Amino acid sequence: MASLLFIVNVINTLLVLIFLFIGLNILIKFNKIDYNLLKARLFLGKKVLRNMWIYSTIAGASFVVHQILWALEELLHISTGVFLHLTMTIFTLSFLFLTYEWYLLIIASIKHD
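So, here's what we can say about the structure. Fair warning: this is a prediction, and the values are worked out from it, not measured in the lab. (Residues numbered from 1 in each chain as written. Predicted model: local features only at pLDDT ≥ 70, side-chain atom pairs only at ≥ 80, totals over all residues. Heavy atoms only, no water.)

Some details on the overall build of the chain
Per the secondary structure count, the chain includes four helices and zero strands. Taken over the C-alpha trace, the chain has a radius of gyration of 18 Å; the compact-globule value for 113 residues is 13 Å, which it surpasses by more than 25%. Overall, the C-alpha framework of the chain stretches about 60 × 25 × 20 Å when taken along its three principal axes. Relative to its full complement of 113 residues, the chain shows a buried share of 29%. The long-range fraction of contacts in the chain, counting pairs at least 24 apart against all pairs at least 6 apart in sequence, stands at 80%. Carbon and sulfur atoms form 75% of the exposed surface of the chain, whose accessible area is close to 7800 Å². (Helix = DSSP H or I, 4+ residues; strand = E, 2+ residues; numbered from the N terminus. Rg over C-alpha atoms; globule rule 2.2 N^0.38 Å. Buried < 20%, exposed > 50% of the residue type's maximum accessible area, 1.4 Å probe, protein only. Contact = heavy atoms within 4.5 Å. Areas by Shrake-Rupley, 256 points an atom, 1.4 Å probe, with all protein chains shown as cover.)

The structure is reproduced here in structure tokens:
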């Protein structure tokens, strides 16, 4: 069980590092954006809105499940095993996909002089 927990923690750490890399790239490119093009791509692209909604919902649901498992473990002393950490991995992964979706949207909306 300890080795599985270690693997899950390593995966979470790698996901967070990837998230930081994508987030920093978004911040760097943010001042080059054509905001009218960004609005058009965001609100006219059904796929983008659908994907962002799906990723946000998965992140929110996994966070709620994580909090319930944490409460069971802390308050009632019920062992949740590795599931507590897996829910955080699902949250981090869906949040990473959401951030990547924003990254693709921003890259597609950069002004070309």
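So much for the structure itself; the text now carries on.
What to know about the packing of helix α1 (residues 2–29) against helix α4 (residues 83–108)
Running from N to C, α1 and α4 cross one another at 20°; their axes reach a closest spacing of 9 Å. Overall, the two elements α1 and α4 adopt an arrangement that is roughly parallel. The hand of the α1/α4 crossing is left-handed. Among the residues forming the contact of α1 with α4, the class breakdown is 19 nonpolar, eight polar and one charged. (Axes fitted to C-alpha atoms, helices over the stretch in contact; angles between N-to-C directions. Parallel < 35°, antiparallel > 145°, perpendicular 65-115°, else oblique. Left-handed = near helix turned anticlockwise from the far one by under 90°. Nonpolar A, V, L, I, M, F, W, Y, C, P; charged D, E, K, R; others polar.)

Topic: a nonpolar patch on the surface
On the surface, a cluster of nonpolar side chains totalling about 720 Å² of accessible area is made up of F6, I7, V10, I11, L14, V16, L17 and L20. Secondary-structure assignment places F6 in helix α1. (Patch = residues over 30% accessible without salt bridge, like charges linked within 9 Å, V, L, I, M, F, W, Y side chains within 5 Å. Salt bridge = Lys/Arg side-chain N within 4 Å of Asp/Glu carboxyl O.)

So, the nonpolar core
The biggest cluster of nonpolar side chains holds 14 residues, and the ones touching the most others in it are M52 and L105. For this core, the element with the highest residue contribution is α4, accounting for five residues. Setting aside anything within four residues of it in sequence, one finds M52 in contact with L42, L98, E101, W102 and L105. (Core = buried A, V, L, I, M, F, W, Y, C linked by side-chain atoms within 4.5 Å.)

Looking at α4
For α4, which comprises 26 residues, the first-to-last C-alpha distance of 37 Å matches the rise-based estimate of 38 Å (1.5 Å per residue) to within 8%. Within α4, burial applies to L84, T87, T89, T92, S94, L96, L98, T99, E101, Y103, L105 and I106. Buried residues in α4 make contact with α1, α2 (35–44) and α3 (46–75). (Expected span 1.5 Å × (residues − 1).)

Quick notes on the environment of I78
Take I78: it is sitting in the loop between α3 and α4. Between the alpha carbons of I78 and F21 there is a distance of 37 Å; along the sequence they are 57 residues apart.

A few points about the environment of F83
Positionally, F83 belongs in helix α4. The sequence separation of F83 and N36 amounts to 47 residues, and the corresponding C-alpha distance is 43 Å.

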